[in-house]
Amino acid sequence: MEEISTHGQQILVVAAAGAGLLIFSQLSERTRFPAPALFLLGAAFISNFVLRADDTISIDKVQLIAVIALIVIMFDGGMNVGWHRFRQSIPAIGLLGILGTAGTAAISTLFAHYLLGFPWILAGILGAALAPTDPAVILSVLRGWRIRGRTGDALAGELGVNDAVSISIVIGLIHYAQPDGGSFSVVLHDFALEMAVGFGIGSAMGAVLPWLLRHARFPAEGLYGIAALMAAATAYGAAAVLHGSGFLAAFIVGVMLGHERTPQKAEIEHFSRALATFSEMAVFAALGLTIDLTILHSDHIWLDGLLLAVLVICVARPAVVFPILSVLRLRMQERLFVAWAGVKGAAPILLAAIAVQAGFESERMYGIVFIVVLFSVMVQGTTVHLAAERLAIPGDHDTARPERRTHRYRVRRRSAAAGRRLRDLPIGKFTWVDSIHRDGRRFRPRGRERLRAGDEVVATSGDTASEEQVRRLLEDEQLSDRTTHH
């Protein structure tokens, strides 16, 4: 009975924490105050003035929470990018995502060493931790505004890989600091290997996952989303075991799945987005629960954090981003926006936790990360949407997708779909053909299946435009006539 009571108390605490996160998210929607900042400040207040010291979570638990959250966030970010946009973003991935992140980390390292007095290795860890931007935070502060055009491609390319780049740099520096860590060339070799392995594992899993989802028959629709996330987690674990970038692997899985048409695609994306948003809440709350506000006054940590935040945001990032974006031929307004849109998120929290776990006991570093992330979310987060409007950045509001609906269609003899393979039909990525009824039998088709006149097609769509397109392709005979005349 005591064990049941203990488990009940633990579940009650977890449930109360989750409910608190959801309440804070509602406060953010009502006050227009950035949600991540509320989670940071609220959790810090609770841990310092409500809970006892032994009730707060440890650094190793923060690291675990951040790892799980980043797997979900990277996978969801990849789903939003998709393979088509990923290919368009390859120049931005190489220049902005890799070179830009490394360059920002290098300049930030110089600031941390010469201005704040950190030793080189710790300064490098701090600089790399503060270099990446976070896709989930940017989506949160933009509040449904989706950036389009070259600016959107540049941000998508950067957001997809910069977390993986920063994490690889930090792990390489930690390894380099060990007595048998080897030379700096070995660190560069390890970095290249991590990126290559992560990309390879992610590509392999991303190629297999759509096939598995098409052939799976789960008893509940929500299991498709869970299966997709389990695939991303498997890719992360496999890449990590093989000394690759697991976060890059999870991102690539999302990229490749985002391009494919699979069963319950809309549900998978809804589930992934919701879980990524909640994971981001949990990471910020975890950082707030581990910070001791009293140490921010000692040695002027809060002042050092503000100074480094201003230098990273206003000097280091623009100094690296502007030349790169000129190569990508972005307008001056677009360069200004991309430079300002580098809002910090879960990665700095994870990397600070990794450094502490590796033996770099530095309350000062951890406190500075807290201040920089808080400053970034509060200052950049509250103004990034305004910046997009004032700089005339192309974009539009994402509209909520309607509930999925299943319809039956009869393939007409002279329709555009008769005689064509399913994979060749432009029916949209949120539409899936569940079954075909032909000659008294029902079967689940594959992409190479050719439709015949008289087939009864059962299709599910979560997009109204795609639903109408399916109807026209299968049942509108005049469409076939127009196609023939052309």
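These notes cover the structure that comes with them. (Residues numbered from 1 in each chain as written. Predicted model: local features only at pLDDT ≥ 70, side-chain atom pairs only at ≥ 80, totals over all residues. Heavy atoms only, no water.)

## Focus on the sheet that holds strand S5 (residues 441-443)
Reading across from one edge, S3-S6-S4-S5 is the order of the 4 strands in this open sheet, with antiparallel pairing throughout. Since the sheet does not close on itself, it has two edges, and those belong to strand S3 (405-410) and S5, each with one partner. Within this sheet the neighbouring strands show an average axis-to-axis angle of 20°, counted without direction. As paired elements, strand S4 (residues 431-438) and strand S6 (residues 456-461) share 6 bridges and run antiparallel to each other. If you follow Ile-436 over to S6, its bridge partner there is Val-457. (Pairing = 2+ DSSP bridges. Helix = DSSP H or I, 4+ residues; strand = E, 2+ residues; numbered from the N terminus. Axes fitted to C-alpha atoms, helices over the stretch in contact; angles between N-to-C directions.)

## A word on unusual backbone geometry
For His-243, which is not glycine, the phi dihedral falls at a positive 65°. The residue His-243 is located in the loop between helix H9 (222-241) and helix H10 (246-259) in this model. Positive phi, close to 65°, is recorded for Arg-329, a residue that is not glycine. In this structure, Arg-329 sits in the loop between helix H12 (301-327) and helix H13 (332-340).

## Side note on the pattern of salt bridges
Applying the stated criterion across every chain, the model contains 7 salt bridges. The shortest N-O distance in the salt bridge between Arg-273 and Asp-76 comes to 3.0 Å. Taken together, the residues span a long stretch of sequence, with Arg-273 in helix H11 (residues 265-290) and Asp-76 in helix H3 (residues 59-88) at a distance of 197 residues. Taking relative accessible area as the criterion, Arg-273 reaches 29% and is therefore assigned partly exposed. Residue Arg-331 pairs with Glu-334 through a salt bridge whose shortest N-O separation is 3.8 Å. Using a relative accessible area of 4% as the deciding quantity, one classes Glu-334 as buried. If you follow the salt bridges from partner to partner, you end up with Arg-408, Arg-410 and Glu-456 in one network. (Salt bridge = Lys/Arg side-chain N within 4 Å of Asp/Glu carboxyl O. Buried < 20%, exposed > 50% of the residue type's maximum accessible area, 1.4 Å probe, protein only.)

## Describing the nonpolar core
Within the largest apolar cluster, 105 residues are counted, with the highest numbers of intra-cluster contacts made by Phe-118, Leu-126, Phe-247, Leu-308, Met-365 and Phe-370. It is H3 that provides the largest number of residues to this core, a total of 14 residues. Excluding its chain neighbours within four sequence positions, the residues that come into contact with Phe-118 are Ala-112, His-113, Ala-123, Leu-126, Ser-362, Arg-364, Met-365 and Ile-368. Within the second largest apolar cluster, 20 residues are counted, among which are Ala-154, Val-321, Val-338 and Leu-391. (Core = buried A, V, L, I, M, F, W, Y, C linked by side-chain atoms within 4.5 Å. Contact = heavy atoms within 4.5 Å.)

## Points about the packing of aromatic side chains
Scanning all chains against the criterion turns up 4 aromatic pairs. Note on Phe-45 and Phe-49: the rings are 5.2 Å apart at their centroids and 40° apart in plane angle, and the pair reads as tilted. Taken together, the residues Phe-45 and Phe-49, both in helix H2 (residues 35-49) and 4 residues apart, mark about one turn of the helix. Here Phe-45 falls in the partly exposed class, since its relative accessible area comes to 46%. (Phe/Tyr/Trp six-rings, centres within 6.5 Å; stacked < 30°, edge-to-face > 60°.)

## What to know about the packing of helix H5 (residues 120-129) against helix H7 (residues 149-177)
Two elements in contact, H5 and H7, have axes whose closest approach is 9 Å; the angle formed by their N-to-C orientations is 170°. Looking at the two axes, H5 sits roughly antiparallel to H7. Residues Ile-121, Gly-124, Ile-125, Ala-128 and Ala-129 of H5 lie in contact with H7, whose contacting residues are Ser-166, Ile-169, Val-170, Leu-173, Ile-174, Tyr-176 and Ala-177. (Parallel < 35°, antiparallel > 145°, perpendicular 65-115°, else oblique.)

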